Every structure is written in C-alpha cells, then in structure tokens.
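If you want the building blocks of each chain, they are given just below.
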Amino acid sequence: MTAFDKHQVSRFRFVRCDFAADTGVARLVYAFDDGPELTETVTVPGAPFQLDGERAAAVQRAVQLLHLIAGVSYYKAAVPEQVSIDSYSIDADTAALVETVYLNGLGEFAYRNGLNLRGKFKLPVSAAGDESSVAPTLNLNHHALVAIGGGKDSLVSIEALRNAGVAETVTWIGGSQLIRACAERTGLPTLNIGRTLAPELFELNRQGAWNGHIPVTAVNSAIMVLAALVQGVDQVVFSNERSASYGSQIAGTGEVNHQWSKGWAFEKAFGEYVQQRIAADLNYYSLLRPLSELAVARQFAKTDFYDAHFSSCNRNFHILGERPVNRWCGVCPKCHFVFLALAPFMPKMRLVRIFGRNLLDDSEQAGGYDALLEFQDHKPFECVGEGKESRAAMATLAARPEWKEDVLVKRFATLIQPTLSAEELQIEPLLVIDGEHRIPAALWERLRANFAA
C-alpha cells in the first residue's frame, strides 16, 4: 500500500457487499478514492446453505445495512468530504439512519481529534421510498439471540429471559476467551460470530490515519440482525440500561456520549428501521432499558453464580486479549464504577473477593472516582452510570459501618457530600423501573415484577 495521507483523501467508497449462504460469510468492501479495496468479513455459524424468497431478500437488506454501518471503522481514517455507494442504491430513510449513527456515534472521536463532523457525512440517495420497501413478515421462530459481552448487564438479561421462559442463544462477536467462558457458564446454547477487520486498516492507523472510538454497539447490532435472519429467529436482545443515554457534560462543548449507540435514541431508530425495512417480525430491543445502572447492579447481586466468571473491565480485554489472567485491572473507570455500583447491594467480603482488593480504600483511586462523581471533572468516556448514581451509591456507603471508614468513602463524606443536598443523594428513586423501551408487551409484563423486587 502506498503511503496514506488522510488530508489528501477526497472520497470514501462503499464498494460492494455480499453474503454467501453456504458458508455464512458476509464480505463488506470499502475503499478511499481509487485506492486498494479494504475487505471486512463477518461469519455467521450455522448458515442454512440456501436462502429463498423474502428471507433471502431480507438478508440482502440486512447485509447492506451492515455494510453501511460497519463502514464507520474505515471512514473515520480520513473523514473525507465525499461519500459514494458503488453497487446499490438507498432511500432517504436509510441515509438518515446511517448519517445519524456516524454523527452521534463518532461524537467522542470528533471531540478528541478536534474535528467537526456536523453535516459532513452525507450518503447519496437515489432510491425512492415506496410501498415495496415495507418489510414483509417472515414467520421467524420465537427465539432470542442475546448479546453477551462478559459483564454483569448481559448476564442479568440472560437470566431474566430464562426465568420468563424465552428460548435464547447466548451470542457474541469475536474471539474473546473470557466472553466464551462466561457464555458457557450460562449452560445455554451459544453462537460465536466471527468478525475480521480489513488488515489494511491497522496499517493506515500506523501511517497516521484519524483514529478513535466508534459506535461498536451499532455495528454489533447490525451484525446480530443479520445473524437472526440467517438463523431464522425473531429477537435480537441487548442489555443497555437507561443510564446509557446520558453522556459526558463537557464545558464549552456540551454533551458527548461515549456510549451513544447504547442509548435510547439509537435503539428506537434502529429497531424501528429493522421492523419497517428489513423484517416486520424481527424485534430488536434492550431488555434493561427501563433500569438504571444501579438497578441492574441490584439484580446481578441476587446471585453469586457468575462471580468468578464475569468482567466489565475493558482495559482487561485490551491488554490481555485472548489470554485474560486478571479479570479486573482495578484502575480503569469500568472497574471503579462496577465496584461502586455493586457495593450497596452485596456483602463487602463478596465484592472484595470478586475484585481481589477494595478499590474504595485506595487513596490513589481518588481521581478516578471524582470523575464518576462529576466532582471537578466530567463523567469518563466509558460505559459507566450517571454521576447522580455514583453520588447516591457513595452516600449510601458513607452511612454504613462496614464502608464508612474506607479512605474514599470518608473523603466523599467530608469533602463532597456537604456540597450536595440530601434529596439528590437518595438511592431509592434511582432504582425505580421506568422509561421508554421496546420490550414486547407480554414479555415486559412477566419481567416487571421481578425487576422491581
């Protein structure tokens, strides 16, 4: 590959995409200007070898949507002024959804790189929306593909669906052995989807391409919609709570949400598009949307079955990759928050055993916890709860004998708590099950009482 100069690139191309039913492999091809093709592959095990009629057409629509959304990994390398689609056409609704994903999903990327992406990514619209674009009902089997990332949230969803009698397959993307071990611990059927990024992308990064956070949940959602159609099932379930809709409040910039594609705005827009344009009976929803992070933590704490298997530590995944040794690094925002969120709901000894140490009794962790508390800092660019949840959890611990002498709890009680009102430190209002969601009505009626208990 010749030297890559991101400032000299004028066009990003969605070259072509296809899916082979006999192998389960989707190929997604991109290019900058007239440069070499960048090919990503997604492999869905258990492909049916043959797809016919409306289901085949739905799979093709899903592959095109995946092609468009997954392109965010490549587009961001140069963020050129022009975008083209070489081999198929899209309508205005499709363009609007994908443009929203790029603008909001690259919000943190743009902020960190000093870029303004507003109005920059525009897809060419050349297909008219008409009645033929309305998605058919495919009579899919009543079965859920449930995304698992190895953390507490997906395990809460998996157990809730099990208790509600919903047939489910625990599904993950990529080669993490930690996630595999967690999935196998459920004892349920599993599905491991392969995703291989174009290797040239890493070379572009080495040569100075723009780089940073992408809306990976949006990409994974599109992959799982494709997988559901290939498998012939009617539900794609994620485990994003209502706290995910709240971003970091940046002085002089406004809100930047690291986890925008885990928020309600994305779930609503993406789920509606899938039912309207891909398959009318394919339901995409987050089972935990009406819950706060603290409410999810309370649910998880009800059983210790996964204590030795789960991890929400992203740094652990980044550093150790395929060979996780320590499931919790103990110093990243995710470790900080999960420890704090679980502390009000489980015995101290159990929590310390999970993490291997007491993070709240370590003065060197003060800066990390200040960011979670939004004290002299903004919420970290990580998938963590709202500042008010961290403050309420810390206030709860400050009132408990087993926690109040720990150095960071005591620091909160003396330095931060006096600046806050007692009303805003109450934890009970944050545990209320409330808010918009896309959970099927009959299922929600079975779940609501269990979540509220």
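As shown above, the structure is provided for reference.
Nothing here was measured: the structure is a model prediction, and the numbers come from that model.

Draft legend 1. Empty space enclosed by the protein, seen in detail. Here the structure, examined in full by the defined rule, presents one cavity of 30 Å³ or more. Taken as a whole, the largest cavity encloses approximately 40 Å³ of empty space. Together, A366, Y369, D370, L373, M394, L408, R411, F412 and I416 line the largest cavity. Those elements that place two or more of their residues in the lining of the largest cavity are α14 (366–372) and α16 (407–416). It is α16 that contributes the most residues to the lining of the largest cavity, four residues altogether.

Draft legend 2. The arrangement of the pairing of strand β1 (residues 11–20) in detail. Pairing between β1 and strand β4 (residues 82–85): four bridges, direction parallel. For F12, the partnering residue across the bridge sits in β4 and is V83. Where β1 hands over to strand β2 (residues 25–32), the hairpin turn is made up of four residues, of which G24 adopts a positive phi near 75°.

Draft legend 3. Just the pattern of salt bridges, in detail. Overall, the coordinates contain 22 salt bridges when judged by the stated rule. One salt bridge connects R27 with D18, and the closest N-O pair in it is separated by 2.8 Å. Under the relative-accessibility criterion, D18 is labelled partly exposed at 26%. Among the ionic pairs, R195 bridges to E40, the shortest N-O distance being 2.6 Å. Within this pair, whereas R195 is found in strand β7 (residues 190–196), its partner E40 is found in strand β3 (residues 38–43), the two being separated by 155 residues in sequence. In the salt-bridge network here, residues are joined through shared partners; they are D91, D93 and R277.

Draft legend 4. Fine view of the environment of P124. The residue P124 is located in the loop between α4 (107–113) and β5 (141–147) in this model. Here the alpha-carbon distance between P124 and N358, two residues 234 residues apart in the chain, equals 54 Å.

Draft legend 5. Seen up close, the pairing of strand β8 (residues 233–238). Among the six residues of β8, six are classified as buried, and the element is accordingly described as predominantly covered. Pairing geometry for β5 and β8, over four bridges, is parallel. Across the sheet, V146 pairs through a bridge with V237, a residue of β8. Across four bridges, β8 lies against strand β11 (residues 283–286) in parallel orientation. Within the sheet, the bridge partner assigned to F238 lies in β11 and is S286.

Draft legend 6. Here's a closer look at the sheet that holds β2. Taken in spatial order, the nine strands line up as β4-β1-β2-β3-β7-β6-β5-β8-β11 in an open sheet, and their pairing is mixed. Since the sheet does not close on itself, it has two edges, and those belong to β4 and β11, each with one partner. Across the sheet, the mean angle from the axis of one strand to that of its neighbour is 20°, orientation sign disregarded. Pairing between strand β6 (residues 168–173) and β7: four bridges, direction parallel. Paired with W172 across the bridge in β7 is N192.

Draft legend 7. Geometry of helix α6 (residues 177–185). Those residues of α6 that fall on the buried side of the exposure criterion are L178, I179, C182 and A183. On an axial view of α6, the arc spanned by its buried residues comes to 135°, and they lie on one face. Downstream of α6 by one or two residues, G187 has phi in the positive range, about 75°.

Draft legend 8. Expanded view of the side chain of S221. Topologically, S221 is positioned in helix α8 (residues 216–231). At a separation of 2.7 Å, a polar atom in the side chain of S221 contacts the main-chain carbonyl oxygen of T217.

Draft legend 9. Molecular detail of α16. Those residues of α16 that fall on the buried side of the exposure criterion are L408, V409, F412 and I416. All buried residues of α16 fall inside an arc of 105° around its axis, so they share one side.

Draft legend 10. Up close: the nonpolar core. Core analysis: the largest hydrophobic core is formed by 81 residues, its most contacted members being F14, L123, L229, F270 and I278. Looking at this core, the element that brings in the most residues is α8, giving eleven residues. Counting residues in each nonpolar core, the second largest holds 73 residues, with L161, F337, A341 and I439 among its members.

Draft legend 11. Representation of unusual backbone geometry. In this structure, V79 is a non-glycine residue whose phi angle is positive, near 40°. In the Ramachandran plot, N139 falls in the positive-phi region, its phi being about 55° despite a non-glycine side chain.

Draft legend 12. Focus on the environment of K410. Structurally, the position occupied by K410 is in helix α16. In this structure, the C-alpha to C-alpha distance between K410 and L145, residues 265 residues apart in sequence, is 44 Å.

Draft legend 13. Representation of the state of the cysteines in the model. Counted under the stated rule, the structure contains zero disulfides. Here C332 is not cross-linked by a disulfide; its sulfur's nearest cysteine counterpart is in C329, at 3.7 Å.

About the thresholds
Residues numbered from 1 in each chain as written. Predicted model: local features only at pLDDT ≥ 70, side-chain atom pairs only at ≥ 80, totals over all residues. Heavy atoms only, no water. 1 Å grid on protein atoms, 1.4 Å probe; cavity = no way out; pocket = protein on both sides within 12 Å on 5 of 7 lines; lining within 4 Å. Points joined across faces, edges and corners; volume = space filled by probe spheres on them. Helix = DSSP H or I, 4+ residues; strand = E, 2+ residues; numbered from the N terminus. Pairing = 2+ DSSP bridges. Salt bridge = Lys/Arg side-chain N within 4 Å of Asp/Glu carboxyl O. Buried < 20%, exposed > 50% of the residue type's maximum accessible area, 1.4 Å probe, protein only. Axes fitted to C-alpha atoms, helices over the stretch in contact; angles between N-to-C directions. Arc of directions from axis to C-beta. Polar contact = N/O pair within 3.5 Å; in protein donor to acceptor, adjacent residues only side chain to side chain. Core = buried A, V, L, I, M, F, W, Y, C linked by side-chain atoms within 4.5 Å. Disulfide = S-S within 2.5 Å.

That's the geometry; what it means functionally is another story.
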